[in-house]
Amino acid sequence: MEIQENIINKVAQSGLVTLDPAMFYTKGERVIYDIAANLFQGLILREKDFREFVKSHDWEQYTGKNVGIICSADAIVPAWAYMLLANRMAPYAAEVVFGDKDVLETVLFIKQIEKLDTEQYRDQRLVIKGCGDVDVPVSAYVELAKKLTPVVKSLMFGEPCSTVPLYKRKD
């Protein structure tokens, strides 16, 4: 007696399209610049000293890097100081933001997601991949859901074999 089994890949036949958010990862080194190093006695920013630092600092070291500017000290830092740092870094750095590593990563992902041509997903049953080798911030998933919901037939999260439904258009 011969038993013949046909294995059917239902996932492949489902018509689901998978989008991996890792494709929006921006390559490049991430650097956090802490303005606390420029504070007098860790408390205040002295304008004269800070301007001298800005003149003499090697800004080329930020070439091609993604930079977040923070102040880890509990000090009042005037907005112009952050602006001055950004002004000097911007010609060299790939990106400059005010914020820590999480904020920097969010900005980098969202800038890439904004470039996404959603028309390729029009009327598709779309699964946004939930896990992978790249740590994707939740903000990127939110941005993708916001951007893709108006064009897709349905939107799911996870893997094609195990999805969480998020949206289904009523036709």
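Here, the structure is the one placed above.
This text gives an overview of the structure that appears in the document.

## Here we look at the environment of K65
Next, step 1: On the secondary structure map, K65 appears in the loop between α2 (47–56) and β3 (66–70).
Next, step 2: In this structure, the C-alpha to C-alpha distance between K65 and F53, residues 12 residues apart in sequence, is 20 Å.
Next, step 3: Polar contacts involving the side chain of K65 include one to the main-chain carbonyl oxygen of Q61, which spans 2.9 Å.

## Brief notes about the packing of helix α4 (residues 101–114) against helix α5 (residues 138–148)
Next, step 1: One way to put it is that α4 packs onto α5 with a least axis distance of 9 Å and a crossing angle of 20 degrees. One element, α4, and the other, α5, form an angle in the roughly parallel class. Remark: the crossing between α4 and α5 carries right-handed chirality. Listed contacts from α5 to T106, F109, I110, I113 and E114 of α4 are S139, A140, E143, L144 and K147.

## Topic: the sheet that holds strand β4 (residues 95–98)
Sheet strands associate in pairs through backbone hydrogen bonding, adopting either a parallel or an antiparallel arrangement.
Next, step 1: The strand order across the open sheet built from three strands is β2-β3-β4, with neighbouring strands paired in parallel fashion. Only two strands of the sheet have a single neighbouring strand rather than two, namely β2 (30–34) and β4. The average angle at which neighbouring strand axes cross in this sheet is 20 degrees, direction not considered.
Next, step 2: One ladder, built from four bridges, connects β3 with β4; its direction is parallel. The partner of I69 across the bridge, within β4, is F98.
Next, step 3: Helix α3 (residues 79–89) contacts β2, β3 and β4 of the sheet and is inclined by roughly 165 degrees relative to β3.

Analysis parameters
- In this convention, every chain numbers its residues from 1, walking through the sequence in written order.
- Where local features are concerned, this predicted model is filtered to residues with pLDDT of at least 70; where side-chain atom pairs are given and counted, the filter is 80 or more; whole-chain, interface and lining totals use all residues.
- To obtain the side-chain values, all non-hydrogen atoms of the structure were used and water was disregarded.
- The way it works is that DSSP assigns letters per residue, a run of H or I at least four long becomes a helix, a run of E at least two long becomes a strand, and they are numbered from the N terminus.
- Pairs of N or O atoms within 3.5 Å make up the polar contacts considered here, provided that, within protein, one atom can donate a hydrogen while the other can accept it, and that residues adjacent in sequence are counted only when both atoms are side-chain atoms.
- For every element, the axis is a line fit to its C-alpha atoms; helices are fit only across the contacting stretch, and the angle between N-to-C directions ranges from 0 to 180 degrees.
- Note on terminology: angles under 35 degrees are roughly parallel, angles over 145 are roughly antiparallel, angles of 65 to 115 are roughly perpendicular, and the others are oblique.
- Put simply, a crossing is left-handed when the front helix is turned counterclockwise from the back one by less than a right angle, and right-handed when it is turned clockwise.
- Whether two residues are in contact is decided by their heavy atoms, any of which lying within 4.5 Å being enough.
- Pairing between strands requires that DSSP locate at least two bridges from one strand to the other.

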